[in-house]
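Structural characterization, general
Below, each chain spelled out in residue letters.
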Amino acid sequence: MRDFVARRLRSLALTGVIALLPGLASCANGPISPLESKANASAQTGLEAQCAIGNRPFFGDTHLHTALSPDAGLAGTKLGLDEAYRFARGETVTSNSGQQAALKRPLDFLVVADHSENLGLAQGLEASNPELLKSSLGQQLHDLLKAGKGREAFYLLVQWMAKGSEALVSNDAYLTSVWEMNNAVAERYNNPGTFTSLIGYEWTSQPGGGNLHRVVIFRDDKALTDRILPFSAFDSEDVEDLWAFMAAYESQLGGRVLAIPHNGNLSSGTMFLPQHQKSRMAIDADYARMRQRFEPITEVTQAKGTGETHPLLSPEDEFANFNIVDNSNLGGIKPTTPEMIPYEYAREALRRGLQLEQELGVNPFKFGLIGSTDSHSSLPSTAEDNWWGKSPALEPSPERWKDVLIKSSKDASLDLTALQLGASGLAGVWASGNSRTALWDAMARKEVFGTSGTRLTARVYGGYDYTGEEINSADWAKSACAKGVPMGGDLMAAAEGQVPSFLIQARKDPDGANLDRIQIVKGWLDASGQTHEQVFDVSWSDADQRTRGADGKVPSVGSSVNVREATYTNTIGATNLTAHWTDPSFDPSQKAFYYVRVLEIPTPTWLAYDRKNFNLYDEMPDKAPYTSQERAYTSPIWYNPA
Amino acid sequence: MSWRERLHLLLKEPIIPFLMVGAALFGLQAFWSPGGSQGSAEIVVSDEQAATMVKAFVRTWQRPPSQEELQRLFDDHVRTEVLVREAMALGLDRNDTIVRRRLRQKMEFVNEGELKLSLASNQELQGHLMAHADRFRSEPLVSFEQVFLDPARRGDRLNRDAAAFKAQLNSNGQGLNPSALGDPLAMIESRWSEERRSELVAQFGSTFTDALLEQPRGSWVGPIPSAYGMHLVRVSAVKPGALPPLEQVLDAVQRDWQADQRQDQQEELYRQLLAKYSVRMPQP
């Protein structure tokens, strides 16, 4: 057993069961048959686990930072856990810059995912936490605060932190108190049926500045999560060690936990690189099994860019150039080069997964798709006309468009600037109810979709026996699920003559823009071992006037945006679209995946709203991303030949 | 890039990954250092500062800097120091909105540490609950049916069809399946039972929801508009929202009370600081 894993499993270490641990690593790395894990899920949640029949998805954010994250706390985020939950539930809070902030519609769930590295540093000092004050410096700070000399304490604190900040926070007792507070506040706001708080944190590994971050989400309550300490990148930067920790958590404590990678676009070509991090050797079946088991979903859109695909990877996809942020890695240290791109984007990884499955027998990149905010200001917001930014400096102001979020230490061209940021994204979860277990189970079975921040609703089922009539019935989802599988599911080998077809529904955000089209993105592996992709338009607005061109593509929906006034009208597009689509080029011997992408009509971005609202016509550039076509991506359905 | 813009970049602390926080704070320290604004001609990179830079470098690169790299770090530090001092001597910091906002934020952050937050007594909480009843009232619950009419399908016929369907539904009440009459609307049910107002806003938009709550009970009325088109509706019941007893919302009231306290105390601290100044301003 790796000792850092044991250290994080507190209760075990404390109760002296540590002697039992050596057997654990082999157990955790052993094969997990899909049957076993499926049986496990059913035992926990009944038949619902196979299919969420409810007619509405739950919208939430799986990736929010508060002042407890050291980078957020030190960069001026004052709002903490309470404000984060209150804001997410729809309450009005005073923002970091002193403005009144509220969502137009509350979120259904929230995962506060603060960085586990130096978790709570700023907060603990501010609150003079007794564990921190055991040091002489802590005591000094405390005394100054009590004497009303807050400012002097602040100077002292700043000087101390400049000397290197790990020392105090690597104090496990302090970390314990912050983690338990995190869990306690989550517990307080967890109100199943109305609003769910899932307990989680972010593992912040970025060797050389390449983003390998994972949001870690527990299915369990405080009673169980209090028994561990977050496994951080200080413990190990190797994701396989994180998985070992997760496996130990599950087998030793009986809980469930999953991890969500994000920002492959800032990973210097490492997020989906099929190599062991340490040895740089090609991955093996064990790696693939662990990755598939612990990383069922990937965050493909957020403020720092969208990671579905890249124009270089999908030159035939005219909608691929959406919110691409990829000049360098996260630290602004290493410029991105073309050979890195294939290992940074989800669609390409899904394709490579088919190849690797052929080779290894297990698909390491078998994941569903979600979006989330990664906001660092305790304010999870994604509406273009009500965007509270990614950090305190990006809260609404006439200057925020000029902000530099991440300043490169190398070269200004590698800076991550506000102009590149999107007011993205959200996670849509087709769960059987709004609770920790139901939401987590839906994430684990990948019955989820991601949006660029809009609350458009998308649903897809795949099967062999659909007539197409099902789509017209009010309870279509029930019949579709009875005869097929939902997003995230697997289609088993087709019998002679069988061809898969898909039932798809999409409905606009009631507070948003009409829909342009529904597309299916298909990826497949041919007999020579090469992968391919194709995007099919399967349903679109004004179908009588918009007919496919010679290239087989549906022409643009046009635009109703007035950029200067930051307005649009729903005079184009459709309020809802449905489709029954049969794969015209199905080959029963080829591995494949299918996922749905839904596009809205063009709308103004937050930059256009700022330009109009703050009257910045003279200052802001004439050319900037002032409009975009917001969108949703569902998790894939995989086809598995015999 | 203008001189001023360059300074913006220099003065700003980016949100950076935690591993670069040490380095950023070093810049912050230089910024706050009392010597900085004196225009002293001496710039010293102390051993302590050098050690900090090395540490930050090591955490970023996972190796110590070479001699050359270390020299670059020092040079960069000196450059920042020189430009910051010159900028401050020119007073460029004073009229810079971003600098001013950051200073204000830091001061509020300092003040925040001095707040003394306590727990309220039940009596205080009861008072708070009554004084802010609107914050704690439960939502109205609506039971209704709806038939969707899609303008994209029906165009000019929509109002005529609506009138006909409405008459049919009202005369033939129970025998008719309302969902068979209208147009499909993806993933929206026809029958809703005791649904929260906020949920209806999430599904239909606020225009529809507000209108729905105004409709008479028991018979088919409309059409009323939503984000999707037009709807005939029959509202069977609306359970009004109510103010729950304190026991049921104790935590929420406590939180809200504390949030108010925090704001009041922050305001009080500001008033104390303000008292040190005499302020004159033009009549607005």
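Residues numbered from 1 in each chain as written. Chains lettered and ligands numbered in written order. Predicted model: local features only at pLDDT ≥ 70, side-chain atom pairs only at ≥ 80, totals over all residues. Heavy atoms only, no water.

1. Looking at the overall build of chain A
To be explicit about the condition: The helix count covers DSSP runs of H or I at least four residues long, the strand count covers runs of E at least two residues long, and both are numbered beginning at the N terminus. Residue contacts are defined here by distance: any two heavy atoms, one from each residue, within 4.5 Å place the two residues in contact. Only the protein chains shown count as covering a residue, and every accessible area follows the Shrake-Rupley method with a 1.4 Å probe.
Across its full length, chain A carries 18 helices and 26 strands. Taking the contacts inside chain A whose residues are at least 6 apart along the sequence as the reference set, 75% of them involve residues at least 24 apart. Within the structure as shown, chain A displays about 21100 Å² of accessible surface, and the carbon and sulfur contribution to it stands at 51%.

2. So, the overall build of chain B
Just so we agree on the cut-off: When accessible area is computed with a 1.4 Å probe and restricted to protein chains, residues below 20% of their type maximum are described as buried, those above 50% as exposed, and intermediate ones as partly exposed.
Each helix and strand in chain B was counted, giving 13 helices and four strands. For chain B, buried positions account for 41% of its 284 residues. Of the contacts formed within chain B by residues at least 6 apart in sequence, a portion of 70% connects residues at least 24 apart. Split by element, the accessible area of chain B, about 16200 Å² in all, is 51% carbon and sulfur.

3. Points about the pattern of salt bridges
Residue and element names in this part refer to chain A. Basically, it comes down to this: What makes a salt bridge here is a side-chain nitrogen of Lys or Arg within 4 Å of a carboxyl oxygen of Asp or Glu, nothing more.
Scanning the model with the defined rule gives 56 salt bridges over all chains in all. Here arginine 517 makes a salt bridge to aspartate 537, at a shortest N to O gap of 3.2 Å. Separated by 20 residues along the polypeptide, arginine 517 in strand 19 (residues 515-525) and aspartate 537 in strand 20 (residues 531-540) bring together distant segments of the chain. Pair check on accessibility: arginine 517 and aspartate 537 agree, each one buried. Overlapping salt bridges bring together Glu308, Asp317, Arg347, Glu348, Arg351, Arg352, Glu533 and Arg597 as one network.

4. Details of the sheet that holds strand 15 (residues 457-463) of chain A
Residues and elements named next belong to chain A. Filter applied, for reference: Here, strands pair whenever DSSP counts at least two bridges between them. Axis definition: a line fit to C-alpha positions, over the contact stretch in the case of helices; interaxial angles, taken between N-to-C directions, run 0 to 180 degrees.
The sheet built from four strands is open, its strands ordered 16-15-18-21 with antiparallel pairing. Because the sheet does not close on itself, it has two edges, and the strands there are strand 16 (484-486) and strand 21 (576-582). For this sheet, the mean inter-axis angle between neighbouring strands, taken without regard to orientation, is 15°.

5. Focus on the nonpolar core
All names here are of chain A. This is how the line gets drawn: What we call a nonpolar core is a set of buried Ala, Val, Leu, Ile, Met, Phe, Trp, Tyr and Cys residues that are connected through their side-chain atoms within 4.5 Å.
Grouped together as the largest cluster of nonpolar side chains are 110 residues, with contacts concentrated most on Tyr85, Tyr201, Phe218, Leu242, Phe502 and Ile504. With eight residues, the single largest contributor to this core is helix 13 (residues 239-253). When near neighbours in sequence (up to four residues on either side) are disregarded, leucine 242 contacts Tyr201, Trp203, Arg214, Val216 and Phe231. Residues Trp401, Ala418, Trp606 and Leu616 belong to the second largest nonpolar core, which totals 21 residues.

6. Things to note about the pairing of strand 6 (residues 214-218) of chain A
Residue and element names in this part refer to chain A. The element strand 6 is extensively covered by neighbouring structure, given that five of its five residues are classed as buried. Burial along strand 6 is two-sided: Arg214, Val216 and Phe218 and Val215 and Ile217, pointing in opposite directions, are all buried. Bridging between strand 5 (residues 196-203) and strand 6 involves four bridges; their strand directions are antiparallel. Along strand 6, the bridge assignment pairs tryptophan 203 with arginine 214. Across five bridges, strand 6 lies against strand 7 (residues 257-261) in antiparallel orientation. If you follow valine 216 over to strand 7, its bridge partner there is alanine 259.

7. With respect to a nonpolar patch on the surface
Definition in use: Patches here: salt-bridge-free residues with over 30% relative accessible area, like charges joined within 9 Å, nonpolar side chains (Val, Leu, Ile, Met, Phe, Trp, Tyr) joined within 5 Å.
There is a patch of nonpolar side chains on the surface, built from Tyr270, Leu274, Tyr277, Val279 and Met281 of chain B and spanning about 580 Å² of accessible area. Relative to the assigned elements, valine 279 of chain B resides in the segment after helix 13 (250-274).

8. Brief notes about the packing of aromatic side chains
In this description, a pair of aromatic rings is defined by centroid distance and the angle of the planes. All names here are of chain A. The test is simple: Classification of ring pairs uses Phe, Tyr and Trp, with its six-membered ring standing for Trp, and accepts pairs whose centres are within 6.5 Å; under 30 degrees between planes counts as stacked, over 60 as edge-to-face, and the remaining range as tilted.
All chains considered together, the criterion is met by 25 aromatic pairs over all chains. Seen in terms of ring centroids, tryptophan 243 and tyrosine 287 are 5.0 Å apart; in terms of plane orientation they differ by 70°. Their pairing is edge-to-face. One end of the pair, tryptophan 243, is in helix 13; the other, tyrosine 287, is in helix 14 (residues 285-294), with 44 residues separating them in the sequence. Take tryptophan 243: its relative accessible area is 1%, and that puts it in the buried class. Taking the relative accessible area as the measure of exposure, tyrosine 287 reaches 5% and is therefore buried. Judged by centre distance (6.0 Å) and plane angle (35°), the ring pair of phenylalanine 502 and tryptophan 581 falls under tilted.

9. Section: the confidence of the model for chain B
All names here are of chain B. Our working definition: Residue-level confidence of the predictor is what pLDDT reports, using numbers from 0 through 100.
Chain-level pLDDT for chain B is 79 on average; 76% of the residues reach the 70-or-more range. Note on residues 1-39: pLDDT is under 50 here. Beyond four places in sequence and across chains, it has 79 contacts. The ipTM assigned to the predicted complex is 0.75, against a pTM of 0.77.

10. Re the sheet that holds strand 2 (residues 191-196) of chain B
Residues and elements named next belong to chain B. One open sheet accounts for four strands, arranged 2-1-4-3; its pairing is antiparallel. A single partner strand is all that each edge strand has here, and the edge strands are strand 2 and strand 3 (221-225). Along the sheet, successive strands turn relative to each other by an average axial angle of 40°, direction set aside. Relative to strand 4 (residues 230-239), strand 3 runs antiparallel, the two sharing three bridges. Counted as the bridge partner of isoleucine 224 is histidine 231 from strand 4. Helix 9 (residues 158-171) rests against strand 1 (141-149), strand 3 and strand 4 of the sheet, and its axis sits at about 40° to strand 4. The strands touched by helix 11 (residues 197-204) are strand 1, strand 2 and strand 4; relative to strand 2, the strand with the most contacts, the crossing angle is about 125°.

11. Concerning helix 16 (residues 436-444) of chain A
Residues and elements named next belong to chain A. Within helix 16, seven of the nine residues are buried, leaving the element largely enclosed by the surrounding structure. Regarding helix 16, the residues found buried are Arg436, Ala438, Leu439, Trp440, Asp441, Ala442 and Met443. One or two steps after helix 16, the chain reaches lysine 446, where phi turns positive at roughly 65°.

12. Description of the packing of helix 13 of chain A against helix 14 of chain A
All names here are of chain A. As a reminder of what qualifies: For a crossing to be left-handed, the near helix must be turned anticlockwise from the far one by less than a right angle; the clockwise case is right-handed. Under this grouping Gly is polar, as are all residues other than the nonpolar Ala, Val, Leu, Ile, Met, Phe, Trp, Tyr, Cys and Pro and the charged Asp, Glu, Lys and Arg.
At a minimum axis separation of 10 Å, helix 13 and helix 14 run at an interaxial angle of 60°. For the element pair helix 13 and helix 14, the recorded crossing hand is left-handed. Between helix 13 and helix 14, the contacting residues are Val239, Glu240, Trp243, Ala244, Met246, Ala247 and Glu250 on the first element and Tyr287, Met290, Arg291, Arg293 and Phe294 on the second. Within the contact of helix 13 with helix 14, the residues separate by chemical class into eight nonpolar, no polar and four charged.

13. Details of helix 13 of chain B
As a reminder of what qualifies: Helix span, as expected, comes to 1.5 Å for every residue beyond the first.
In this model, helix 13 of chain B (25 residues) spans 36 Å end to end at C-alpha, consistent with the 36 Å of a helix rising 1.5 Å per residue. Listing the buried residues of helix 13 of chain B in full gives Val253, Gln254, Arg255, Asp256, Trp257, Ala259, Asp260, Gln265, Gln266 and Leu269 of chain B.

14. As for the side chain of lysine 304 of chain A
If you trace the backbone, lysine 304 of chain A turns up in the loop between strand 8 (297-302) and strand 9 (305-306). Excluding residues that lie within four positions of it along the chain, lysine 304 of chain A makes contacts with Asn263, Asn265, Leu266, Val325, Leu330, Asp374, Lys390, Leu405, Ile406, Leu416 and Leu421 of chain A.

15. Description of unusual backbone geometry
In this structure, glycine 425 of chain A follows serine 424 of chain A across a cis peptide bond, with omega equal to 0°. Structurally, glycine 425 of chain A is set in the loop between strand 12 (416-417) and strand 13 (426-429). Following glycine 222 of chain B, the chain continues to proline 223 of chain B via a peptide bond in cis, the omega torsion being 5°. Considering the arrangement of structural elements, one finds proline 223 of chain B in strand 3. Non-glycine residue asparagine 323 of chain A carries a positive phi angle of around 50°. The phi dihedral of serine 378 of chain A falls on the positive side, at around 70°, and the residue is not glycine. Here serine 378 of chain A is to be found in the loop between strand 10 (368-371) and strand 11 (404-406). Taking relative accessible area as the criterion, serine 378 of chain A reaches 0% and is therefore assigned buried.

16. Points about the environment of valine 554 of chain A
All names here are of chain A. By the secondary structure assignment, valine 554 is in the loop between strand 20 and strand 21. Along the backbone, valine 554 and tryptophan 401 are 153 residues apart, and their C-alpha atoms lie at a distance of 34 Å. Once you skip the residues sitting within four places of it in the chain, valine 554 turns out to touch Arg517, Asp537, Trp540, Arg546 and Arg548.

17. A word on the packing of helix 11 of chain B against helix 12 (residues 206-214) of chain B
Residues and elements named next belong to chain B. For the record, the criterion: Throughout, the term roughly parallel applies to angles under 35 degrees, roughly antiparallel to angles over 145, roughly perpendicular to angles from 65 to 115, and oblique to all others.
Relative orientation of the contacting elements helix 11 and helix 12 amounts to 135°, with a least axis distance of 7 Å. When the interaxial angle is binned, helix 11 and helix 12 end up oblique. Residues Arg197, Leu200, Val201 and Phe204 of helix 11 touch helix 12, and the partners they reach there are Ser206, Phe208, Thr209, Asp210, Leu212 and Leu213. Grouping the amino acids of the contact of helix 11 with helix 12 by side-chain chemistry returns six nonpolar, two polar and two charged.

18. Remarks on the environment of proline 555 of chain A
By the element assignment, proline 555 of chain A lies in the loop between strand 20 and strand 21. Apart from the residues lying within four places of it in its own chain, the contact partners of proline 555 of chain A are Arg517, Arg546 and Thr547 of chain A.

19. Side note on the pairing of strand 8 of chain A
Residue and element names in this part refer to chain A. Within strand 8, six of the six residues are buried, which leaves the element mostly enclosed by the surrounding structure. Relative to strand 10, strand 8 is paired through four bridges, and the arrangement is parallel. If you follow threonine 298 over to strand 10, its bridge partner there is leucine 369. With two bridges connecting them, strand 8 and strand 9 associate as antiparallel partners. Bridge pairing in strand 9 links glutamine 302 to glycine 305. The turn linking strand 8 back onto strand 9 is made up of two residues.

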